[in-house]
Amino acid sequence: MNLPVAADVVRRRLEVHGVVQGVGFRPFVYRLAHDLKLAGWVRNDAAGVTIEVQGDPARVDRLARRVREEAPPLARVDHVTEHECLPADEGDGFAILDSAGGRAATAIGPDSATCADCLAELFDPADRRYRYAFINCTHCGPRYTITRRLPYDRATTSMAAFAQCPACLAEYRSPLDRRFHAEPNACPVCGPQLAFADAHGRVVPDVDAVVEAVARIARGDIVAIKGLGGFHLACDARNALAVARLRERKAREEKPFAVMAANVASVQPLALVSDAEHAMLTSAERPIVLLRKRVGADMALPGVAPDLAWLGVMLPYTPLHALLFHEAAGRPVVPGWQAAPHPLVLVMTSANPGGEPLVTADDEAIARLAGIADGYVLHDRDIVVGCDDSVTRALPGESGRGFQFVRRARGYTPRAIRLAVAGPPVLAVGGYFKNTVCVTRGDEAFLSQHVGELDNAPTCRAFEHAIAHLTDILDVQPALIAHDLHPDFHSTRHAAALAARWQVPLCAVQHHHAHVAAVLAEHGVREPVIGVALDGVGLGTDGEAWGGELLRADGTAMTRVGRLRALALPGGDRAAREPWRMAAAALAAVGRGDEIGRRFAHEPAARMVATLLARGVRAPRTTSMGRWFDAAAGLLGVADRMSFEGQAAMRLEGIAQRHGSVPADEALYAISADGELDLTPLAARLADERDAGFGAALFHATLVAALAEWIAAAAARYALATVAAGGGCFLNAIVSGGLRAALAHRGLALLEAQAAPPNDGGLALGQAWLALQSRERKGG
């Protein structure tokens, strides 16, 4: 029998928005209410979490404050709306109600690395989940990659096929258990199971999949391992023959592999690890972190990341990963073994043969990885959304300013980026390289996982699926679609098809304007700035190939106020893959075209290229900064050809890092009255330099000085003090760190990409931001 409501009792509804589903938020609220002796209820709904709480006014205030300040580790509370209600005669209990439906206005959290509590159980022989590869709780495990739609409940995930046993169900239903409503909750009795298949895809009966995988890797085999967002191809990173075999089978000639080590202590003999990098490596997101190699790293890991100064490293982030190292260590039970150095280092490279999308399904793996993998670790929990590993690097300098994305995917997708303006939903479809898509909802932007290059049909289908899944999971119907200016991109054509189907307008955005706008979007800047965009290529408003641009950006308006001196592309797009051709173009630009045939005599096409340059045929011009890096690499003999995008620039940066800094030479560049930055004097100097290390260091130092003077002149001309920098060239640590310091010395603030990659992986964010503002200016 309910008691009458006391006169001094209040009732309040709290609507909590943010990442608050699947992160233990409801049991957190339940425990708060229980501790504070408050009545009411909490439930998930499409908008987030709704709480109705009743009791002493001071205690209700305390709960409202603690909901904001003490949320669970994986939760993110964006805002809380409070409404006073009439007290109800419902007793003094507090309940967790079933989820309510409706139009989604919340977000699902990203996948998260296995927490310390689950790891402790995983390695405890007395625990019922000992060595169970799918252990998780509300503080860790899969989220985004298993979710089909919101609200985030078991029935809307790929765990719907697994009915919980009585023991798991008791945990799931207990508000005081850390597995309360942990949707992927399972155990060996009722949950997903591992299996090991041989090279032909035949499941090997009566074997422990972890034991078999470790044994196969130890003998030099390549094993395909199903993870959170897709399959990895794994081998022993210390085994030169195994690494070479993986390169040959995957047709990945020189592009660096990422590695996985047991812990930071195992990484430190191979690479330098700063405090910021340590924090990234051990974070719940567990990205691949680019670390500076130690001397001897290439000998210890032969063929893993040849000719580069950086090593991509990650730590185990699933129970299965942890079990591989546990098995290789002999299944230790002594405390502290997880922090001790371990000799095993695994190559862990994405299973995406031929540059196609990541393999996610068991049958697909056996079909597409045939001839590559010697065995397969499979399991029966479906991956709903493929999601590659994120790649990050610490921002240069000692300011502790955080990190920058090279690739934003697992661990971060679909975390929202807060915008400075709200508006109707926008879909932005990105570009051609490193494609991602972006969907806005209100004042939030949701950037998809990395899709890749839209140069093959499977990746184009993955791009279309990413759009469908993101709009579905956010429950939005875009009112506007933004795309790149280039008419031949698959993303542009698909945007037009969707616009016709949905009867919504299109918004074309210039490539480099989008780079700058992406930075402005994450920083919430709406006033005019000087934008500097340095990358490989993008179609300009004049139909030419741009890539080294100074822009005055003001809302949706953009004016080109500076550019790099253009270089010819002898042979067209082929020049972007063969730095010797760009070196030849630089020689021709300084009047030394007669040297091309002799200098590049080892290239069969050298004399033809010299002729093309002399006649100005089949040699379109570009202002691309990326091609100037290639020219420098070619002139210094660092790289004649590239087997992957950016290879020459990465080698050049590594050689400069190893050499050490040198003074800039301000006589090696010129800036014209109309804002053209001419680097041909620098190219002429490099053509005569025999010390590649010194030449690489001189190129970087002089480039930083030239860029700083060029930018500062434009900022003074337009009376602006803020600079936004975007484009893939800003992933060069020497350039970004040097420019930041040089501009600060001149009193200019530099805004850099952090919430999204500065490369084309962030284009969709910039497109969405500009499209959203265009609707605002038109009144919706």
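Residues numbered from 1 in each chain as written. Predicted model: local features only at pLDDT ≥ 70, side-chain atom pairs only at ≥ 80, totals over all residues. Heavy atoms only, no water.

**Q** It is not clear to me how the pairing of strand S29 (residues 749–752) should be interpreted in this structure. Could you clarify?
**A** Each regular strand displays side chains that alternate between the two surfaces of the sheet. Summarising the sheet, strand S28 (residues 722–726) and S29 pair through four bridges and their orientation is parallel. The residue bridging Thr722 from the neighbouring strand is Ala749, located in S29. Once the chain exits S28 it traverses helix H22 (residues 733–745) before rejoining the sheet at S29, and the crossover so formed is right-handed. (Pairing = 2+ DSSP bridges. Helix = DSSP H or I, 4+ residues; strand = E, 2+ residues; numbered from the N terminus. Right-handed = clockwise from strand over helix to strand, strands pointing away.)

**Q** Looking at this structure, how should I read the packing of helix H5 (residues 209–218) against helix H10 (residues 319–328)?
**A** Angle between the axes and distance between the axes: these two values describe a pair of packed helices. Two numbers describe how H5 lies on H10: the axes approach to 9 Å, and their chain directions differ by 65°. For the element pair H5 and H10, the recorded crossing hand is right-handed. Between H5, through Val210, Val211, Ala213 and Val214, and H10, the contact on the second element is made entirely by Leu320, Leu323, Leu324, Glu327 and Ala328. Tallied by class, residues from the contact of H5 with H10 come to eight nonpolar, no polar and one charged. (Axes fitted to C-alpha atoms, helices over the stretch in contact; angles between N-to-C directions. Left-handed = near helix turned anticlockwise from the far one by under 90°. Contact = heavy atoms within 4.5 Å. Nonpolar A, V, L, I, M, F, W, Y, C, P; charged D, E, K, R; others polar.)

**Q** Got a minute to help me understand the packing of aromatic side chains in this structure?
**A** For any two aromatic rings, the description comes down to two numbers: the centre-to-centre distance and the angle of the planes. In total, this model carries 11 aromatic pairs according to the counting rule given. For the ring pair Trp580 and Phe600, a centre distance of 5.7 Å and an interplane angle of 50° mean the geometry is tilted. Of this pair, Trp580 sits in helix H15 (residues 579–589) while Phe600 sits in the loop between helix H16 (596–599) and helix H17 (606–615), and the two are 20 residues apart along the sequence. Comparing Trp580 with Phe600, the two get one shared label, buried. Here a set of aromatic residues connected by ring pairs shows up, and it is made of Phe403, Phe405 and Tyr412. The ring of Tyr317 has Arg410 lying over it, and the distance from NZ or CZ to the ring centre is 3.5 Å. (Phe/Tyr/Trp six-rings, centres within 6.5 Å; stacked < 30°, edge-to-face > 60°. Buried < 20%, exposed > 50% of the residue type's maximum accessible area, 1.4 Å probe, protein only. Lys NZ or Arg CZ within 6 Å of the ring centre and 35° of its normal.)

**Q** Just checking my understanding: could you explain the side chain of Glu327 for this structure?
**A** Along the chain, Glu327 falls in helix H10. Here Glu327 is in contact with Arg131, Val210, Val211 and Val214, once residues within four sequence places are set aside.

**Q** Mind showing me how you'd approach the sheet that holds strand S12 (residues 345–350) here?
**A** Within the open sheet, the 10 strands sit side by side as S6-S13-S7-S8-S12-S9-S11-S10-S14-S15. Their pairing is mixed. Every interior strand has two partners, whereas the edge strands, strand S6 (194–198) and strand S15 (403–407), have only one. The sheet shows a mean angle of 35° between the axes of neighbouring strands, taken without regard to direction. Pairing of strand S10 (residues 288–292) with strand S11 (residues 310–314), which is carried by four bridges, proceeds in the antiparallel orientation. Of the residues in S11, the one forming a bridge with Arg292 is Trp310. Against the sheet, H5 touches S6, strand S7 (223–226), strand S8 (231–236), S12 and strand S13 (375–379), its axis set at about 40° to S6. With respect to the sheet, helix H6 (residues 240–250) is in contact with S8 and S12, its orientation differing from that of S8 by roughly 145°.

**Q** How should the environment of Ala394 be read in this particular structure?
**A** In this structure, Ala394 sits in strand S14 (residues 391–394). For the pair Ala394 and Asp124, spaced 270 residues apart in sequence, the C-alpha separation works out to 35 Å. Residues contacting Ala394, with those up to four places away along its chain left out, are Glu277, Met280, Gly402 and Phe403.

**Q** Quick question: what am I supposed to make of the nonpolar core here?
**A** Soluble globular proteins: nonpolar side chains tend toward being buried together. Of all hydrophobic cores here, the largest spans 74 residues; its most connected members are Val532, Met625, Phe629, Leu652, Leu679 and Phe699. Those residues in contact with Phe629 that sit more than four places away from it in its chain are Ala649, Leu652, Phe699, His700, Leu703, Cys729, Asn732 and Val735. Counting 70 residues, the second largest nonpolar core, distinct from the first, contains Leu122, Ala186, Ala258 and Val504. (Core = buried A, V, L, I, M, F, W, Y, C linked by side-chain atoms within 4.5 Å.)

**Q** When you look at H22 in this model, what are you seeing that I'm missing?
**A** In an α-helix, one full turn covers 3.6 residues, which means residues spaced three or four apart are oriented alike. Taking 1.5 Å of rise per residue, the 13 residues of H22 would be expected to cover 18 Å, and the 18 Å separating its terminal C-alpha atoms lies within 8% of that figure. Of the residues making up H22, those classed as buried are Ala733, Val735, Ser736, Gly737, Leu739, Arg740 and Leu743. Following H22 by one or two positions, Gly747 has its phi on the positive side, about 80°. (Expected span 1.5 Å × (residues − 1).)

**Q** Any chance you could explain the environment of Gln54 here in plain terms?
**A** Here Gln54 shows up in strand S3 (residues 48–55). Residue classification places Gln54 among the buried residues on the basis of a relative accessible area of 7%. Within the structure, the side chain of Gln54 is placed 2.8 Å from the backbone nitrogen of Ala88, a separation counted as a polar contact. (Polar contact = N/O pair within 3.5 Å; in protein donor to acceptor, adjacent residues only side chain to side chain.)

**Q** Teacher, can you tell me more about the sheet that holds strand S18 (residues 438–447) here?
**A** What holds strands together in a sheet is hydrogen bonding between their backbones, with the strands either parallel or antiparallel. One open sheet holds the five strands; their spatial order is S16-S18-S17-S19-S20, and the pairing between them is mixed. Unpaired on one side and paired on the other, strand S16 (416–423) and strand S20 (506–509) mark the two borders of the sheet. Direction aside, the axes of adjacent strands within the sheet are offset by 30° on average. Here strand S17 (residues 426–428) runs beside strand S19 (residues 480–484); their pairing, made up of three bridges, is parallel. Along S19, the bridge assignment pairs Leu427 with Ile481. Contacts between helix H14 (residues 511–523) and the sheet are confined to S16, S19 and S20, with S16 contributing the most and set at about 100° to the helix.

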